[in-house]
Amino acid sequence: LLASLTTLRPSRTFGCVFFKPAHMTFKALVTSLVLSTSLAHADVTLQPVQGTSAHTIKITGSVLGKDLEKFQQVLETDALKGFKLHMNAIQLDLGGGDPAVARTMGRLIRANKLNTFVAPSDRCVSACIYLAIAGMERMIYGSVLLHRLMLISEDLSEETIRQAIKVHRQESEQYIAEMDGSALL
């Protein structure tokens, strides 16, 4: 892991702070960021871990409204069938999504005393951070990409924007504190 960190450098572009390989061009970086944050629904799956009796709950894609219901169903299936979760963790490989849905899913992770895991080959982008910090233990080995609040509308007044930012900041800070995280995040 340390060797791979030496090939990364921090980048600040259009309000985003993330780490990128030193050799990656700006165009390739923007293209990969746009492609990785597409608004496809998340895929929530319960998968057996080869060679063990354990299973993994893996969430991939982007977290949106209906994904909360899918996640709850998988958690209930896990509880009903008595599966043992590998590392007692939810594995994340997410390209973002709806922060409110991600916080609700994060609260379910915390309520079930689960860990979170981002594999070295996976990524945790944008709203995924709310899921990642919900883990009792947070095992983050892959890429983490964050950005400022995005408001998608053409007709927002300056006051509406200010209010939306204020509410988002308050909700985020409250959630981070609830998850025993740092507001510096």
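Preceding block: the structure.
The sections below set out a description of the structure shown in this document. Everything quoted here is computed from the prediction, not taken from an experiment.

Core analysis: the biggest nonpolar cluster contains 30 residues, and I57, I59, F71, I90, L92, L94 and L131 have the highest contact counts within it. Here the element with the most residues in this core is helix α5 (residues 128-132); it accounts for five residues.

The residue H55 is located in strand β4 (residues 54-63) in this model. The class of H55 is buried, set by a relative accessible area of 13%. Dropping the residues within four chain positions of it, H55 is found in contact with L46, Q47, P48, V49, F83, K84, L85 and H86.

Taken as a whole, this structure holds eight salt bridges when the rule is applied. Here E173 ties to R169 by a salt bridge, and the two come within 3.6 Å at their closest N and O atoms. Residue E173 and its partner R169 are located together in helix α6 (residues 158-178), separated by four residues, close to a single helical turn. Taking the relative accessible area as the measure of exposure, R169 reaches 54% and is therefore exposed. Because the salt bridges share partners, they merge into one network encompassing E158, E159 and R162.

This part is about the packing of helix α4 (residues 99-111) against α6. Relative to each other, α4 and α6 sit at 15 degrees, their axes nearing to 11 Å. Compared by their axis directions, α4 and α6 come out roughly parallel. Note on packing geometry: the crossing formed by α4 with α6 is left-handed. Residues P99, A102, R103, G106, R107 and R110 of α4 lie in contact with α6, whose contacting residues are H168, E171, S172, Y175 and E178. Each residue belonging to the contact of α4 with α6 can be placed in one class, and the counts come to three nonpolar, three polar and five charged.

Between the first and last C-alpha of α6 there are 30 Å, a value that for 21 residues agrees with the 30 Å anticipated at 1.5 Å per step. Inspection of α6 places H168, S172, Y175 and I176 among the buried residues, and these make up the whole buried set. The arc that holds every buried residue of α6, seen down its axis, measures 95 degrees, which confines them to one face. Facing away from the buried side of α6 by more than 90 degrees, the exposed set consists of Q174 and A177. Against α4 and α5 lie the buried residues of α6. Downstream of α6 by a residue or two, D180 has a phi angle that is positive, lying close to 60 degrees.

Attention now moves to a nonpolar patch on the surface. On the surface, a cluster of nonpolar side chains totalling about 350 Å² of accessible area is made up of L149, L151, L156, I161 and I165. Checked against the element boundaries, I165 lands in helix α6. The class for I165 is partly exposed, based on a relative accessible area of 43%.

About the cut-offs
- Residues numbered from 1 in each chain as written.
- Predicted model: local features only at pLDDT ≥ 70, side-chain atom pairs only at ≥ 80, totals over all residues.
- Heavy atoms only, no water.
- Core = buried A, V, L, I, M, F, W, Y, C linked by side-chain atoms within 4.5 Å.
- Buried < 20%, exposed > 50% of the residue type's maximum accessible area, 1.4 Å probe, protein only.
- Helix = DSSP H or I, 4+ residues; strand = E, 2+ residues; numbered from the N terminus.
- Contact = heavy atoms within 4.5 Å.
- Salt bridge = Lys/Arg side-chain N within 4 Å of Asp/Glu carboxyl O.
- Axes fitted to C-alpha atoms, helices over the stretch in contact; angles between N-to-C directions.
- Parallel < 35°, antiparallel > 145°, perpendicular 65-115°, else oblique.
- Left-handed = near helix turned anticlockwise from the far one by under 90°.
- Nonpolar A, V, L, I, M, F, W, Y, C, P; charged D, E, K, R; others polar.
- Expected span 1.5 Å × (residues − 1).
- Arc of directions from axis to C-beta.
- Patch = residues over 30% accessible without salt bridge, like charges linked within 9 Å, V, L, I, M, F, W, Y side chains within 5 Å.
- Areas by Shrake-Rupley, 256 points an atom, 1.4 Å probe, with all protein chains shown as cover.

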